[in-house]
2 protein chains.
Amino acid sequence: MASILPASSRSMRRDKNAYNGKRFVHVKNPYLDAMEEDILYHLDLGTKTHNLPAMFGDVKFVCVGGSAKRMKAFALFMHKELGLEGGGEDIEDICAGTDRYCMFKTGPVLSISHGMGIPSISIMLHELIKLLHHARCCDVTIIRIGTSGGIGIAPGSVVITDTAVDSFFKPQFEQVILDNVVTRNTELDKELTEELFTCSKEIPNFPTLIGHTMCTYDFYEGQGRLDGALCTFSREKKLDYLKRAYKAGVRNIEMESTVFAAMCGLCGLKAAVVCVTLLDRLDSDQINLSHDVLVEYQQRPQLLIAKFIRKQLGLRDQMS
Amino acid sequence: MASILPASSRSMRRDKNAYNGKRFVHVKNPYLDAMEEDILYHLDLGTKTHNLPAMFGDVKFVCVGGSAKRMKAFALFMHKELGLEGGGEDIEDICAGTDRYCMFKTGPVLSISHGMGIPSISIMLHELIKLLHHARCCDVTIIRIGTSGGIGIAPGSVVITDTAVDSFFKPQFEQVILDNVVTRNTELDKELTEELFTCSKEIPNFPTLIGHTMCTYDFYEGQGRLDGALCTFSREKKLDYLKRAYKAGVRNIEMESTVFAAMCGLCGLKAAVVCVTLLDRLDSDQINLSHDVLVEYQQRPQLLIAKFIRKQLGLRDQMS
C-alpha cells in the first residue's frame, strides 16, 4: 500500500537506517521537515516547547485504548509488571494541558487514550506518529487494547485481529483526502499476531482467538443494534447481517481498527489489535454485565499485553 | 426526511401530544417500548437504576461540545448567568461512573461533552435522545458549541451553521445501516439560526456570520492539512480544495455537524451549531494562538448561547 504515497526525502533517509537493523517510524509528509515548529495540538506537546527525544526516545511499546481511566490503569499495571520502583502513584498525565487525550509513560511503555471512533483515534495517531518521529524512536510496537461486541463467541473472549474489515466486510479503509477517496490496506502484523496468540495460551483460562474485526462508524444503526434512538430494520435483518459477518470471518465489532491498521501499516509501526468481547451480539444488544465482571473482562487484554511486553524485554514471567 | 423511517407507535402517540402545543422528543425505534430496561451504557445511566423523569424532566436546553473541561466551564457559567444560588462549585458530573462523556445540569440547561468526530457524538446523541424520551422532556432546544477551522474569515469569528455539508460539499449525511447506505438531511433549524444571529448582533465586537459548515471524518488529510503524519497532496491542491469549499458556501470546518443535524432533525429536536474559528485555513494549518486568546475565542459560543437562553427564559439581559 506504500505505493499510494510518494516517498518523502525524510522517509527515504529513514529507510536507509533500516539497513542498520533499526526500524524507524516513517512520517510520509514531505512538508514536515520544512516546518520550524510542529505543534501537536491535541496532545498539548510541541517540538519547540518540549524535548521530545529526551521525553520519548526510549519508547518501544505504545498501547492505546478508548478510555482514559483504563489507559491510566494499564500504565499503573505495567509499572508493577516491569518491576519499576515505587507504586507508580506519581505517574502523571503527559497531556494534562488538554482533555482530548491522556498519555502516561512507564519505562519504555507509552499508554494513550484515543476516545471513541475512527476520527478520534485518527487525530491521536497523526500526532503520536509525528511525536515518535520527532523523538527518533525506533523498533516501536503499537497495540490497541479495547472492548468490543463479539459474534458467535462467548462474552469475555479475547480476539486478536488478523485483518480489520469495514461494514461491508471488506479488508480496507476508505480515507477521504480532500474530495478524493483512497483505499488503504487494513492487515495487521502477522508475526505479532502469532506471538500474542502464543502468549495467550500460556495464561490459564484465557479464551483467545484470532479473527477478523469489523470496524463501524456507529455503535447503534451501524452495528445492527435494536436499542438505539433510531432503528429502521427488523430483528431478522439484524441477525442476517451479523451471521453474514460471522461467515465472512468477523468475530468481533469495534470502531477504530481499520484506520489504526491502515495508518500504522503505512508508517512502519508493527501493530496489533486485541479486544475483549463484552457480549455476543447474536444474543443481545445491551451491555448489562455486573461491574465486577466488566472490570475483569476489561483487564484481559491488559494481562496479555503485559505478558507479551515482559517476554519481549526478557523479564522473568511472574504469571506462569 | 422523516419518511425514510417508519413511524413507531410511540412516536405517533408523541405526535398527538404535539397538538397540545408540546413538542416531545421522537424516538424512532419500534423496539424500545418493549424493553424492560434501557441501559444508556456510555452515559452510565439507565431506566431501572435512575429516575430519569425526576432527574431530567425539566430540561429545555441541551448544549453539547467536544471537550469535557469546556462543557463543565459552560455549566458553571450558565449557573451564574441563570442567577442560581451558590457559585456552582457543587455541580457534579452526572456521568461520573464512566469517562466516555461528562454531563452537568444547571436549572433547565444540560451541558454534555461528546468527544471528537462523528462516531463519538453519534453514540452520545443516541443515548441522550433516549434519555430525553424516557424523561418525557418537551420543547427541547439543542445547540452544539465548538471550535473549528475557518475559511476566508478572521480567526475568532463565530459561525452559525445553516446547513452542514460533507467533504464533497453535499448537504447530507451518509449513515451506514447494516450494510446499506442511507442519506439523511443536514439542514439546521432556520428560526433558531436567525434568533441566534439576532442575539449575536446585540453583543459588542462579536464577529458572527451564518454559513455552511463542512464536517469531515479526519482533521489532517480530510481537511487538507499539510502538517499530518501523512500528506500526499500539494499546497496548491489544498488551496484549490479550500477555495472550492468557500465558493460552495462553506465558512468553517469541524467534525460533528452532519450527524448532529441529521439525528436531531429526525428526532424532533430544534438544533443549531455555533462554532468559533481558531484559524483561517487559507493562511495556515497549525493552531498556534496564545493560551489567553484561545480561551477567549472558546468562550464566544458560550457567551452567545448564554445570552440566547436568558432571553428565552425571559431573564433580564446582564450584558446589554
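Residues numbered from 1 in each chain as written. Chains lettered and ligands numbered in written order. Predicted model: local features only at pLDDT ≥ 70, side-chain atom pairs only at ≥ 80, totals over all residues. Heavy atoms only, no water.

As annotated in an unreviewed UniProt entry, chain A carries the name Uridine phosphorylase and comes from Jaculus jaculus. Entered under Function (unreviewed entry) in the UniProt record, the comment concerning chain A runs "Catalyzes the reversible phosphorylytic cleavage of uridine to uracil and ribose-1-phosphate which can then be utilized as carbon and energy sources or in the rescue of pyrimidine bases for nucleotide synthesis. Shows broad substrate specificity and can also accept deoxyuridine and other analogous compounds." Taken from UniProt, the Subunit (unreviewed entry) comment for chain A reads in full: "Homodimer." (UniProt positions renumbered as here; feature names shortened; annotations may be inferred.)

**What to know about the interface of chain A and chain B**
Each side of the interface is counted separately: chain A has 79 residues, and chain B has 79 residues. Of the roughly 6,400 Å² buried between chain A and chain B on both sides combined, carbon and sulfur atoms contribute 60%. Here chain A is connected to chain B by four salt bridges. When the shortest N-O distance is used, the salt bridge between Arg184 of chain B and Glu221 of chain A registers 2.7 Å. Listed by contribution, the elements that provide at least two residues to the side of chain A that touches chain B are helix H3 (68-81), helix H4 (118-134), strand E8 (172-177), strand E9 (180-185), helix H6 (235-247), helix H7 (257-266) and helix H8 (291-312) of chain A. (Contact = heavy atoms within 4.5 Å. Buried area = accessible area lost by both parts, 1.4 Å probe. Salt bridge = Lys/Arg side-chain N within 4 Å of Asp/Glu carboxyl O. Helix = DSSP H or I, 4+ residues; strand = E, 2+ residues; numbered from the N terminus.)

**A look at the pattern of salt bridges**
Scanning the model with the defined rule gives 31 salt bridges over all chains in all. A salt bridge links Lys48 of chain B to Glu36 of chain B, with the shortest nitrogen-to-oxygen separation between them at 3.5 Å. In this pair, Lys48 of chain B is assigned in the loop between strand E2 (45-46) and helix H2 (52-56) and Glu36 of chain B in the loop between helix H1 (9-17) and strand E1 (39-40), connecting sequence segments 12 residues apart. Residue classification places Glu36 of chain B among the exposed positions, given a relative accessible area of 71%. Two residues, Glu191 of chain B and Lys270 of chain B, come together in a salt bridge whose shortest N-O distance is 2.9 Å. One end of the pair, Glu191 of chain B, is in helix H5 (residues 190-201); the other, Lys270 of chain B, is in strand E12 (residues 270-280), with 79 residues separating them in the sequence. Assessed through its relative accessible area of 49%, Glu191 of chain B is described here as partly exposed. Each of Arg144, Glu254 and Glu256 of chain A takes part in one network of salt bridges that share partners. (Buried < 20%, exposed > 50% of the residue type's maximum accessible area, 1.4 Å probe, protein only.)

**Side note on the environment of Ile142 of chain B**
Residue and element names in this part refer to chain B. By secondary structure assignment, the location of Ile142 is in strand E6 (residues 141-150). Judged by relative accessible area, Ile142 falls into the buried class, the value being 0%. Note: C-alpha distance between Ile142 and Asn185 (43 residues apart in sequence) is 17 Å. When near neighbours in sequence (up to four residues on either side) are disregarded, Ile142 contacts Val62, Val64, Leu125, Leu128, Leu192, Phe260, Cys264, Leu269, Lys270, Ala271 and Ala272.

**Some words on the packing of helix H3 (residues 68-81) of chain B against helix H8 (residues 291-312) of chain B**
To describe two helices that pack against each other, one gives the angle between their axes and the distance between the axes. Residues and elements named next belong to chain B. Put simply, H3 and H8 touch, their axes get as near as 10 Å, and they point 35° apart. Along this stretch, H3 crosses H8, giving a crossing that reads as right-handed. Note on element contacts: H8 touches H3 through Gln298, Gln302, Leu303, Ile305, Ala306, Ile309 and Arg310, opposite Arg70, Ala73, Phe74, Phe77, Met78 and Glu81. Taken together, the residues of the contact of H3 with H8 sort by class into eight nonpolar, two polar and three charged. (Axes fitted to C-alpha atoms, helices over the stretch in contact; angles between N-to-C directions. Left-handed = near helix turned anticlockwise from the far one by under 90°. Nonpolar A, V, L, I, M, F, W, Y, C, P; charged D, E, K, R; others polar.)

**Remarks on the UniProt feature "domain: Nucleoside phosphorylase" (unreviewed entry) in chain A**
In the numbering used here, UniProt assigns the "domain: Nucleoside phosphorylase" (unreviewed entry) feature to residues 60-310 of chain A. Structurally, residues 60-310 of chain A comprises 34% helix and 27% strand, and the distance from its first C-alpha atom to its last is 12 Å.

**Here's the deal with the confidence of the model for chain A**
In low-pLDDT regions, the fine details of the predicted coordinates are not to be read closely. Taken residue by residue, chain A gives an average pLDDT of 92. The fraction at 70 or more is 92%. Within the model, pLDDT remains below 50 along residues 1-19 of chain A, and this stretch shows 32 contacts once partners closer than five positions in the same chain are excluded. (pLDDT = per-residue confidence, 0-100.)

**Description of the packing of aromatic side chains**
This structure, assessed with the given rule, holds seven aromatic pairs over all chains. The interplanar angle of 90° and the centroid separation of 6.3 Å between the aromatic rings of Phe61 of chain B and Phe308 of chain B together place this pair among those described as edge-to-face. Note that Phe61 of chain B is positioned in strand E3 (residues 61-65) and Phe308 of chain B in helix H8, a separation of 247 residues in sequence. Assessed through its relative accessible area of 6%, Phe61 of chain B is described here as buried. According to the relative accessible area criterion, Phe308 of chain B is buried, its value standing at 2%. Over the aromatic face of Phe219 of chain A sits the side chain of Arg225 of chain A, whose NZ or CZ is 3.7 Å from the ring centroid. (Phe/Tyr/Trp six-rings, centres within 6.5 Å; stacked < 30°, edge-to-face > 60°. Lys NZ or Arg CZ within 6 Å of the ring centre and 35° of its normal.)

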